[in-house]
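Each chain, letter by letter, is given below.
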Amino acid sequence: MSEAIGYELHGDIAILAANNPPVNALGHAVRQGLADGMARAEAEGARAVLIYGTGRTYFAGADIREFGKPPKEPHLPELCNRIEASPLLVVSAIHGTALGGGLEVALGTHYRIAVPTAKVGLPEVHLGILPGAGGTQRLPRVAGVEAALDMITTGRHVRADEALKLGVIDRVVEGDPREIGLAYVRELLDEGAPRRPVSEMPAPAPVDFDAVYAAVLKKGRGQLSPATAVRAVQAACEAESFAAGLKRERDLFMDLMNSDQREGLIHAFFADRAVGKLPELDGVAPRPLAAIGVIGGGTMGAGIATAALLSGLTVTMLEMTPEAAEAAKGRIEGNLSGALKRGKLTSQQFDNLTTKALTLATDYAALSEADLVIEAVFEDMEVKKQVFTKLDAVCKQGAVLASNTSYLDINQIAAVTSRPQDVLGLHFFSPAHVMKLLEVVIADQTAPDVAATGFALGKRLGKVSVRAGVCDGFIGNRILSVYRTCADHMILDGASPYEIDDALEEFGFAMGPFAVADLAGLDIGWAVRKRKRAEGLDPRARDSAYADKLCEAGHFGQKTGKGYYDYAAGAKARVPNPEVMPLIEGERAQQGITPRAFSKDEIVRRYMAAMVNEAAKVVGEGIARRPLDVDVTLLYGYGFPRYRGGPLKWADLQGLPELLADIKRWAAEDAYFWQPAPLLEQLVAEGRSFDDLNKEAV
Ligand code: TC6
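Bear in mind that the values here come from a model prediction, so they are computed numbers and not experimental data. (Residues numbered from 1 in each chain as written. Predicted model: local features only at pLDDT ≥ 70, side-chain atom pairs only at ≥ 80, totals over all residues. Heavy atoms only, no water.)

Q: Could you give an account of the site of the ligand, with specific residues and numbers?
A: Taken together, 28 residues lie near the ligand, and Arg56, Ala62, Gly101, Arg273 and Lys277 sit nearest. Within the side chain of Arg56, a nitrogen or oxygen atom sits 2.5 Å from an oxygen atom of the ligand. One of the backbone nitrogen or oxygen atoms of Ala60 is found 2.9 Å away from a nitrogen atom of the ligand. When the ligand is considered free in solution it has 1000 Å² of accessible area, and contact with the protein chains removes 75% of it. Secondary-structure elements contributing two or more residues to the shell around the ligand are β5 (97-99), α3 (101-108), α10 (242-257) and α11 (260-274). (Near = heavy atom within 4 Å. Polar contact = N/O pair within 3.5 Å; in protein donor to acceptor, adjacent residues only side chain to side chain. Areas by Shrake-Rupley, 256 points an atom, 1.4 Å probe, with all protein chains shown as cover. Helix = DSSP H or I, 4+ residues; strand = E, 2+ residues; numbered from the N terminus.)

Q: Lay out the packing of helix α27 (residues 656-667) against helix α28 (residues 678-686) in plain terms, naming residues and giving numbers.
A: In contact at an axis separation of 9 Å, α27 and α28 are set at 135° when each is read in the N-to-C sense. Judged by the inter-axis angle, α27 sits oblique to α28. Crossing geometry of α27 relative to α28 is assigned as left-handed. Of the residues in α28, those in contact with Leu656, Pro657, Leu660, Ile663 and Lys664 of α27 are Leu680, Glu681, Leu683 and Val684. For the contact of α27 with α28, the class distribution of residues is seven nonpolar, no polar and two charged. (Axes fitted to C-alpha atoms, helices over the stretch in contact; angles between N-to-C directions. Parallel < 35°, antiparallel > 145°, perpendicular 65-115°, else oblique. Left-handed = near helix turned anticlockwise from the far one by under 90°. Contact = heavy atoms within 4.5 Å. Nonpolar A, V, L, I, M, F, W, Y, C, P; charged D, E, K, R; others polar.)

Q: Lay out helix α21 (residues 522-535) in plain terms, naming residues and giving numbers.
A: Here α21 is 14 residues long and its end C-alpha atoms lie 20 Å apart, about the 20 Å a rise of 1.5 Å per residue gives. Those residues of α21 lying buried are Leu522, Trp526 and Val528. Taken end-on, α21 shows its buried residues confined to a sector of 165°, consistent with a single buried face. Among the exposed residues of α21, those oriented more than 90 degrees off its buried face are Ala534 and Glu535. Where α21 is buried, its residues meet α20 (513-520) and α22 (546-552). Positive phi appears at Gly536, one or two residues downstream of α21, with a value of about 100°. (Expected span 1.5 Å × (residues − 1). Buried < 20%, exposed > 50% of the residue type's maximum accessible area, 1.4 Å probe, protein only. Arc of directions from axis to C-beta.)

Q: Quick rundown of the pattern of salt bridges? Include the residues and the values.
A: Enumeration according to the criterion identifies 53 salt bridges in this entry. When the shortest N-O distance is used, the salt bridge between Arg171 and Glu187 registers 2.8 Å. Taken together, the residues span a long stretch of sequence, with Arg171 in strand β9 (residues 171-172) and Glu187 in helix α7 (residues 177-190) at a distance of 16 residues. Take Arg171: its relative accessible area is 29%, and that puts it in the partly exposed class. A relative accessible area of 31% places Glu187 in the partly exposed class. Here Lys600 ties to Glu506 by a salt bridge, and the two come within 2.8 Å at their closest N and O atoms. Of this pair, Lys600 sits in helix α24 (residues 600-620) while Glu506 is found in helix α19 (residues 497-507), placing the two residues 94 residues apart along the sequence. Residues joined in a network through salt bridges with shared partners are Asp12, Arg47, Arg186 and Asp190. (Salt bridge = Lys/Arg side-chain N within 4 Å of Asp/Glu carboxyl O.)

Q: Which residues make up the UniProt feature "domain: 3-hydroxyacyl-CoA dehydrogenase NAD binding" (unreviewed entry) in the protein, and what values go with them?
A: As recorded in UniProt, the feature "domain: 3-hydroxyacyl-CoA dehydrogenase NAD binding" (unreviewed entry) lies at residues 292-468. With 43% helix and 21% strand, residues 292-468 has end C-alpha atoms that lie 22 Å from one another. (UniProt positions renumbered as here; feature names shortened; annotations may be inferred.)

Q: Outline the UniProt feature "domain: 3-hydroxyacyl-CoA dehydrogenase C-terminal" (unreviewed entry) in the protein, supporting the account with residue identities and numerical values.
A: Within this numbering scheme, the UniProt entry marks residues 473-567 and 603-688 as carrying the feature "domain: 3-hydroxyacyl-CoA dehydrogenase C-terminal" (unreviewed entry). In residues 473-567, helix accounts for 61% and strand for 2%; the two terminal C-alpha atoms are 29 Å from one another. Here residues 603-688 runs as 67% helix and 0% strand, with 26 Å between its end C-alpha atoms.

Q: Please set out the nonpolar core residue by residue, giving values where relevant.
A: Grouped together as the largest cluster of nonpolar side chains are 101 residues, with contacts concentrated most on Leu391, Tyr564, Val630 and Phe690. Broken down by element, the residue count for this core peaks at twelve residues, all from α24. Ignoring sequence-local partners within four residues, the contact set of Phe690 consists of Val612, Ala616, Pro627, Leu648, Ala651, Asp652, Leu656, Leu679, Leu680 and Leu683. (Core = buried A, V, L, I, M, F, W, Y, C linked by side-chain atoms within 4.5 Å.)

Q: Quick rundown of the side chain of Lys617? Include the residues and the values.
A: Topologically, Lys617 is positioned in helix α24. Buried within the structure, Lys617 lacks any salt-bridge partner; Glu614 is the closest side chain of opposite charge, at an N-O distance of 4.1 Å. Apart from residues lying up to four places away in sequence, Lys617 is in contact with Arg478, Gln675, Pro676 and Ala677. (Lys, Arg positive; Asp, Glu negative; His and termini not counted.)

Q: Which residues make up the packing of aromatic side chains, and what values go with them?
A: The full count for this structure, using the stated rule, is 16 aromatic pairs. When the ring of Phe507 is compared with that of Trp650, the centres are 6.1 Å apart and the planes differ by 75°; the resulting orientation is edge-to-face. Of this pair, Phe507 sits in helix α19 while Trp650 sits in helix α26 (residues 647-654); the two residues are 143 residues apart in sequence, bridging distant segments of the chain. We note that Phe507, like Trp650, is buried. (Phe/Tyr/Trp six-rings, centres within 6.5 Å; stacked < 30°, edge-to-face > 60°.)

Q: Got a sec to walk through the side chain of Asn404? Specific residues and values, please.
A: Here Asn404 lies in the loop between β14 (400-403) and α16 (410-415). Only 2.8 Å separates the side chain of Asn404 from the backbone nitrogen of Phe428, close enough to count as a polar contact. What Asn404 contacts, discounting residues up to four positions off in sequence, is Met300, Ile304, Ile374, Glu375, Ala376, Leu426, His427 and Phe428.

Q: Explain unusual backbone geometry to me, and be specific about the residues and the numbers.
A: Residues Glu73 and Pro74 are joined by a peptide bond in cis, for which omega reads -5°. In this structure, Pro74 sits in the loop between β3 (48-53) and α2 (76-85). For the bond running from Ser430 to Pro431, omega is -5°, close enough to zero to count as cis. With respect to the element layout, Pro431 can be found in the loop between β15 (423-428) and β16 (437-442). Phi is positive for Arg221, which is not a glycine, with a value near 45°.

Q: How would you sum up the sheet that holds strand β17 (residues 464-469)? Please name residues and give values.
A: A sheet is described by the order of its strands in space; here eight strands give the open sequence β12-β11-β10-β13-β14-β15-β16-β17, paired in mixed fashion. Only two strands of the sheet have a single neighbouring strand rather than two, namely β12 (358-361) and β17. Direction aside, the axes of adjacent strands within the sheet are offset by 25° on average. Relative to strand β13 (residues 372-375), strand β10 (residues 291-295) runs parallel, the two being bridged by four bridges. Paired with Ile295 across the strands is Glu375, a residue of β13. Most of the contacts of helix α13 (residues 322-341) go to β12, to which it runs at about 155°, and overall it touches β11 (314-318) and β12. (Pairing = 2+ DSSP bridges.)

So this is what it looks like as structure tokens:
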């Protein structure tokens, strides 16, 4: 017997207890242990088998780390069939999560009991695959096609009470999984309950699968696994036998298993978990956090305050005037009322948060007891310096002083205080109570426990926190400004903003860059351009004024009703603003450029190459610790399609030599913009990938 599965004969009931921490993933040893345990139970004359997990959960799924490696027998689909075909009565007792292959094992058993806190689900689509061990065939038979399609195409985790209603589990009982499982098996044996193989249940009636497929494909914005899973469920209804349905499921599963999307999504899964692992902070205790201050109650400050309140922190909101403070409170209430409507807050909690947990202030002295203060004032170095000088004067010793700047130099900000070790950047993304990304910007003198406090705050607020170094724009905005510039160059050379948005949305971005600019406000980019011109542009850099002219005409995007698009017919209509192309054509004429056509492929290739090249510089300079930190930043803050894994995973899948060759070829047109990143050149020379760097860093 393998140690991953404990075996015990308890009277006439054999107990198979999974012991593969942390999540009882169904790796090879676990599968072997289950197969051996079933054989032993049958050989030793048991009447029934109970399967459960020790530790925190039942099986949370196949072992994802085994994906892409040569599969070892017993394979999961055969194991599920083997369990189901046993002449003994087989029962699962579920606690924690029964996910993916875990739920498939449970569906292979004849009865399922769960504790009330258990969750079940088939989340494979999030990993770019589909349930490949009978889940698409068995779940529709027990829960019906509609519920199965919902669970399988969304991958959502279903709570025990709902799973009970759906028929996925048979009973919900509070208690220890081993004890409630044993009692249930005993009861089933005593009442002479029959074996109940799901494969012998009748095939469910079909629905209009073509319509479901089309709808799911559209919703997935290019992601293949949910739509492919629809075809597998279809086979549960239409295949001539259960075995034929399983075969169809297997074929579709293998197609997805061999896809780049599967690689991208599994990379994203592990990157999510690796991004917060920073060896230099191992064992460093964060400073205590209970009360925080937020300076500036605009959209960003109010969003940060909202997130903090929802996490149980008390917030002092500092504004310039009582009127501005009241307006900030109104924004916070507006944000919280969203949570109230969604049932995430009761009205009493809402009242507590807005009256007791939130304090309005106009005097810096009100921040004297705050554990951490986040400044979210106007993006101007002089203004920020004034704020930090005042904070230095009033804040208690040991308070963490954070700036939410999106571009400015945290070292300069820290330098105006007497305590630069307490200063760091906490760069939130708007709306801050919704967006998951937080860049924790570590300045030259930031103390380790201050950095750890930044990460602790991120965790408390439910953010994905990425460590960034100081530079213009940190990780995300620095890379953004380069790929945006690349888009601007393509416009000068002949592409339209609409062609670029279309091409990138087809690539999988939630929104193209010009639609995003309209949403964020064109005045933001305008301010950045003015600042950069004031600092002095490199004479080799291409510049253009058409976007400034759009702003000069009062068009700031959605908030003024017009930008690249005209929003008179609503944000979704996306009608091009007719004033835009003449401005662009005027600019081209003025610069003596004869426009040329750009294919969708070329648009994507150039845009992505610009992104990857700058990302490689960001990693090479140590601004991002590893390639995966860039990937996570773009995934959570910039609408990058998760199924592509992030820009540097995408680059690996494309082939770094080919990308470098393109960059060098384009350097012949514009040597200033297309300067290859030294790290990219090095990786190509050494025949290595970005992912090799990730692995070396772990
Ligand atoms: C499948 O089953 C396909 C079947 C078809 C076969 C033909 N494998 O998330 P946490 C690790 S597909 C390997 O921090 P939580 C994770 O990397 C699978 N490792 O904990 C981390 O390791 P680290 C379908 C796994 O409490 C540690 O466990 N199943 C796996 O916040 C703790 O994880 C899923 O998609 C795995 N399957 O959440 C479920 N799962 O400490 C995926 C976790 O070295 N897992 N690890 O960083 C989850 O959704 C969550 O982990 C959780 C627990 C809800 C189970």
